[in-house]
Structure formats: C-alpha cells, structure tokens
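# Analysis of the macromolecular model
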Amino acid sequence: MKSKAWTEKFMQGVFFVAACASVLAVALICVFLFANGIPAMKEIGFIKFLTGDVWRPSSEQFGILSMIVGSLYVTAGAIIFGVPIGILTSVFMAMYCPKRIYKPLKAATELLAGIPSVIYGFFGLVVVVPLVRDFGNVLYRAGIVEKAGDGNSILTASLILGIMILPTIIGTTESAMRAVPSHYYQGSLALGATKERSIFRVIIPAAKSGVVAGIVLGIGRAIGETMAVIMIAGNQPRITGSILQGIRTLTGNIVIEMGYATGLHREALIATGVVLFVFILIINFSVALLKRGADHE
Amino acid sequence: MKMKKFIAVLSIASMMAVAAVGCGSKDGEDAGTDKGSEGSWDAASAISVVSREEGSGTRGAFTELFGVVDEDDNDMTTLDAQTTNNTSVMMTTVSENEYAIGYISLGSLDESLVKAVKIDGAEATAENIENGSYKVSRPFNVAMKPDLDNPVATDFMAFIMSTEGQEVVSGEGYIPVAEVEAYAGTAPEGSCVVGGSSSVSPLMEKLIEAYKEVNPNASIELQTTDSTTGMTSAIEGSYDIGMASRELKDEEAAELEGTVIATDGIAVIVNKDNPTDDLSVDQVKSIYVGDVTTWDAV
C-alpha cells in the first residue's frame, strides 16, 4: 500500500514537471525577447520604431511600419483565399462527401499540413510567381494597373499562404461541424429547410466557435510563416498600395537580416520579434475572448 | 436566404480583390513591368532590381564597389528592389524574369541559368580580377583568436596560405593570394571546427579535402552559417576558425586575427534573353539607386 502511494506521488511529480516545461519555455522566450528588444526600442524611440516607414539599418534608420503593414496585407490575403475554400471544403467533407472520396480527400488535406514551408516557397517561386507576373502583364496591357509588378508580390504570398492555412481551417471546422448533434440537422430538414439552408443556417452557426478558432489559428500560421513568404514576397521594406507589388513581412525581416546583423541592427531585429510576439498574443487573447463569448451564448 | 447572403459575401470579397488591383499601384516601383509578350524583349520595360539583404557581405561589397552609397557611406539601394538572402533564389529570380538584374559571388555563378554582364568592357573572370581590369571583388577572410592553442587549426591555416592551398583557391575560380610558400607543416593529429559565411564555405570544403590528403590524421568539421555567426563563434571559442565574406568589423578585429585567404569577384547577372552584354559602373549604379528604371534608359 505504502509503496503504491509513493509511486503515485512520484508519477504525479513527473507529470507536473512535464507540464512545467512548456510554461517555462514560454516564460524564457518572453524574457529573452523583451530583455533584448525593449532596450533597442527605447534607443530607437518607440514611436519612431513603430511608425517609421524607412528601414535602412546601415544608416541607422529603423522604422518597421512597412513590415507591420506587410504582415497584415499577406495575412488578410491568406484569409480571403483560404477561409472560403477551407469552409466550403469542410462542408463538403462533413455533409456531402461519399465514403469513397472521403479517405483520399482527408489524406490530401492532412498531407498539405505536412509539406515543409520551404517546399511551398519553392513551388511559389517557380510556378506561382511567373503566373502572377503574366497576370500582372495582362492587367497592365489592359490599362487596369499602372505597374505590372514582377510576380514577387502580395498576391503571390497571399495565394501560397491561403493554401498553407487550409489544413488548419479544414481540420477544425470539419470536426466542429461533426460535433453538432445530428438532430439539429434532422430537425431543420423536418421543418422543410433545404439541405444547403440547414447547413449554412443551422450547422455552421452551431459550430461557430470551432470555425472561428480554426480561422484564428490559420491567421496565426499565416502571420508567423517565414520561409515560404521570403521566397515569394519580394521583401521590399516599403508600403505599397497594389497587391501586385512586393512587401516585406515582420518574420521575413528578421530572417533575412539576422545572419549579418550586429549591434543595434541585431537588437532592432529582436525588437521586430517583440512586435510579432505581441501580435500573436493579441490573436490568442481574442481567441480566448471569442470562446468565452460563445460559451456564454 | 443564408446561402444567397453567403454567395453575395463571396462575390463582394472577390470584387474587392479585383478593385484592390485596379486602384492600387500608386507607388513608384520599377520592378518588372514586362508589358512585352512572353519571350520577346521589350526595352521599354521596367527593370526588376534584385538585391541581397542589408548587412550581407555580398551586398556590402557590391554597394561599396559600385558606389551605391551616399557621401556618408550609407547604402542607397532603391527601396523598390526585391530582397533575398539566398544566392539560389537570386539566380532563380533572375533566370525566370527577363527584365531582372542581380548580383552574386563569381564562384557561385551558373552560366547555364543566367548571364553575367561585362563591367566597363571587362568580363567577370578570375584572370580579369587578377590583372585588375574587372574591379568588382571582395576579400574572403578567415579569423582566429591570436592566442588559440590548437595545432590542427594553426597547421590548417598554414596549409591554406601555402602554394598547395592557394592552388585549390585558383582551381575553384577564385583569385589566390599573391605571395605564398610551399606547405611545410607538421601534420599534427587532432580536430578543429571551421565555420561561418556561406559564401566562403564551398571553397573551404575543397580546402579541407585537399588538406586531408596531406594530413590524414586531422579531422576538420565545417559548419556553414554566416559571416557574423562565424566571427562571434570564433570569439566565443565554439569555432576554431571563423569565415567571413567581408572585412572584419572593428569590434571583431579587436578580438580576432583576420587573414585574407582569397579574393572573390561579384558578377552582375541578367536574364539570358536580355540583349545587354556590357554595363558601366555608373549604369549599374544608376539602376540600383533607382535613377534609371527602364532598360531602354540605361
């Protein structure tokens, strides 16, 4: 008896330590980021750092506004492409899909999540960039745009990111829709609603919190994606009004310049990481808020 | 009802996307307005300027040698230039875009993908750099602590700076250091770690191979990172020898002893369909500063 109680206690301790590891990791990353980033921000000046739109480290100009805007552009673009496709795919998978097609479809979406981002980047560079360049030329010749762009653009990055966030959105949305009790759907059909109407007016609203969580997780993935984006986004640190032109994202800025940066330049890149981290915190916080809101309903 | 609304939202979203294309592009960008149809060269097209990231050894050397700097030596590369931190992305971009221009290390140049232009009439070759007609080159540095106590590292350095080592350098298409003597090392047993710049790394790999033939007792590990990591790791002691594709910064030179082991040219590359064969230093400069944005204005 006694020894059993002891092993129980011991194993409890092991589990506790395991649980602490992730908390500790987050805490250490926070400390590292803020301890290195905040002094740099102070040295540059908070306002100058966040709202300056000139990034020329060699002449000591560190303004990351263009990168913040860039990250927001490509994330928004990824949502425009990824969310409708993702939600419609999960509707098909949860409600319409014949068993024969389901398995390969499911395997394909899961495989999509497993492809390394550098492969997405290379695919984008070799396949999507020339397509977008041609698209830009067509628009340019038709007189719709003033500049055709060279293919490395917000549009390209958005397309690739849209594909990359699909598995996240499909996975969570599909399981949320499957978790909706089947009598909701049957009840709706019994009341005379069509299949489509039942899905979009009954099932999806009932699965709302899962769908929203999937979208927000997708946003997190899109904003944090680095490798694929730096290969196809052009990485110009300036604000642009056209989706056929390139931009640089926060993550891209860190990776591109970290290798050779020294002194204040290096610290400014860590400070860029702080801004990115704050973005992710805001996203996670809003997920928590949304979930709480959904629970109250 | 809801279905209709949903479709309406979708179509509005797509219309907005099209509208964004329509009313955008107010920014001046000189990146690739290749309005010419596929395959045919249109000189009125805008130049797609491709550049390396700030702080890169290649970019530093390029901007300095072509004068893409202002009076205070600040980098003046146009903000509209695409940026990449990778030689192969640079080559892929230039080989896919007819109107692109970029620059890479002469040692990494793959002439089956892109075309290197002559600068002021001189072709980008090792011979021309050596005889001074091609002026765009930079040093490859290795650095170690002055008080480093590792016989293998010291001996390997002696090998690099010997006739045998410099033969490898010239064999790989880089420009060797002028005055060297035959290798007279002791071939000690042991190991050492070499690491740093990815530009120097391909050359270092060959040097290590050659060194192993004269000294089979030594084991040398090569780690490919970047110039700054190479220098900081050499200072911290995790690398015995650090590699940098640029001059040592003052704070690094205070701790390390740098040695130039080779000179590397920087090739200005364009697409193979680009009829331009010859550019002057001033022309390259005006392209990279952003004064000239179309190929017919060059």
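These figures come from a predicted structure and were not determined experimentally. (Residues numbered from 1 in each chain as written. Chains lettered and ligands numbered in written order. Predicted model: local features only at pLDDT ≥ 70, side-chain atom pairs only at ≥ 80, totals over all residues. Heavy atoms only, no water.)

## Some points on unusual backbone geometry
Backbone geometry places N235 of chain A, a non-glycine residue, at a positive phi of 65 degrees. Here N235 of chain A is to be found in the loop between α10 (227–232) and α11 (250–258). Positive phi is not limited to glycine here, since D120 of chain B has a value of about 50 degrees. For D120 of chain B, the position within the fold is in the loop between β5 (118–119) and α4 (126–130). Look at D120 of chain B and you get exposed, because its relative accessible area is 51%. (Helix = DSSP H or I, 4+ residues; strand = E, 2+ residues; numbered from the N terminus. Buried < 20%, exposed > 50% of the residue type's maximum accessible area, 1.4 Å probe, protein only.)

## A few points about the pattern of salt bridges
In this structure the tally under the stated criterion is 9 salt bridges over all chains. Of the charged contacts in the structure, one is a salt bridge between R52 of chain B and E53 of chain B, with a shortest N-O distance of 3.2 Å. The residue K115 of chain B makes a salt bridge to D277 of chain B at a minimum N-O spacing of 3.2 Å. With K115 of chain B in strand β4 (residues 115–116) and D277 of chain B in the loop between β11 (257–270) and β12 (278–279), this pair connects stretches of sequence that are 162 residues apart. One network of salt bridges, with partners in common, ties together K106, E174 and R178 of chain A. (Salt bridge = Lys/Arg side-chain N within 4 Å of Asp/Glu carboxyl O.)

## Description of the interface of chain A and chain B
With 52 residues of chain A in contact, the opposing surface of chain B contributes 53 residues. Linking chain A with chain B are 1 salt bridge. One salt bridge connects D80 of chain B with R238 of chain A, and the closest N-O pair in it is separated by 2.6 Å. Taken together, the elements giving at least two residues each to the side of chain A that touches chain B come down to β1 (55–56), α3 (65–96), α5 (117–141), α8 (195–206), α10 and α11 of chain A. By residue number, the principal contributor to the side of chain A that touches chain B is α5 of chain A, which donates 9 residues. Of the residues belonging to the side of chain A that touches chain B, the class tally is 23 nonpolar, 16 polar and 13 charged. (Contact = heavy atoms within 4.5 Å. Nonpolar A, V, L, I, M, F, W, Y, C, P; charged D, E, K, R; others polar.)

## Comments concerning the environment of E130 of chain B
All names here are of chain B. Along the polypeptide, E130 turns up in helix α4. Residue E130 is classed as exposed on the basis of its relative accessible area, which comes to 54%. Each residue touching E130, except ones within four places of it in the same chain, is listed here: I175 and P176.

## Details of helix α6 (residues 154–179) of chain A
Here α6 of chain A spans 36 Å end to end across 26 residues, near enough to the 38 Å set by a 1.5 Å rise per residue. Roughly 35 degrees is the biggest bend found in α6 of chain A, and it falls at I165 of chain A, with proline P167 of chain A one to four residues downstream. (Expected span 1.5 Å × (residues − 1). Bend = angle between axes of the 7 residues up to and from the residue.)

## Thoughts on the packing of aromatic side chains
A full pass over the atoms with the stated rule returns 11 aromatic pairs over all chains. Pairing F34 of chain A with F277 of chain A gives two aromatic rings, centres 6.1 Å apart and planes at 75 degrees, and the pair type is edge-to-face. With F34 of chain A in helix α1 (residues 2–44) and F277 of chain A in helix α12 (residues 263–296), this residue pair connects regions lying 243 residues apart in the sequence. Under the relative-accessibility criterion, F34 of chain A is labelled partly exposed at 29%. Note on F140 of chain B and Y174 of chain B: the rings are 5.4 Å apart at their centroids and 50 degrees apart in plane angle, and the pair reads as tilted. Of this pair, F140 of chain B sits in strand β6 (residues 137–144) while Y174 of chain B sits in the loop between α6 (163–171) and β7 (175–176), and the two are 34 residues apart along the sequence. Three or more aromatic residues joined by ring pairs form one cluster here, namely F62, F66, Y103 and Y288 of chain B. (Phe/Tyr/Trp six-rings, centres within 6.5 Å; stacked < 30°, edge-to-face > 60°.)

## Brief notes about the confidence of the model for chain B
All names here are of chain B. Mean pLDDT for chain B: 81, with 87% of residues reaching 70 or above. Low pLDDT, under 50, characterises residues 18–38; the predicted model gives this stretch 69 contacts beyond four residues in sequence or across chains. For this predicted complex, the interface score ipTM comes out at 0.70, alongside a pTM of 0.75. (pLDDT = per-residue confidence, 0-100.)

## A look at a negative patch on the surface
Residues and elements named next belong to chain B. Taken together, E64, E71, D72, D73 and E247 make up a surface patch of like negative charges. Within the secondary structure layout, E247 lies in the loop between β10 (241–244) and α9 (250–253). Classification of E247 as exposed rests on a relative accessible area of 54%. (Patch = residues over 30% accessible without salt bridge, like charges linked within 9 Å, V, L, I, M, F, W, Y side chains within 5 Å. Areas by Shrake-Rupley, 256 points an atom, 1.4 Å probe, with all protein chains shown as cover. Lys, Arg positive; Asp, Glu negative; His and termini not counted. Charge placed at Lys NZ, Arg CZ, Asp CG, Glu CD.)

## A few points about a nonpolar patch on the surface
All names here are of chain A. There is a patch of nonpolar side chains on the surface, built from F122, F123, V126, V127, L131 and I163 and spanning about 500 Å² of accessible area. For the nonpolar patch, the element with the most residues is α5, which contributes 5 residues. By the element assignment, V126 lies in helix α5.

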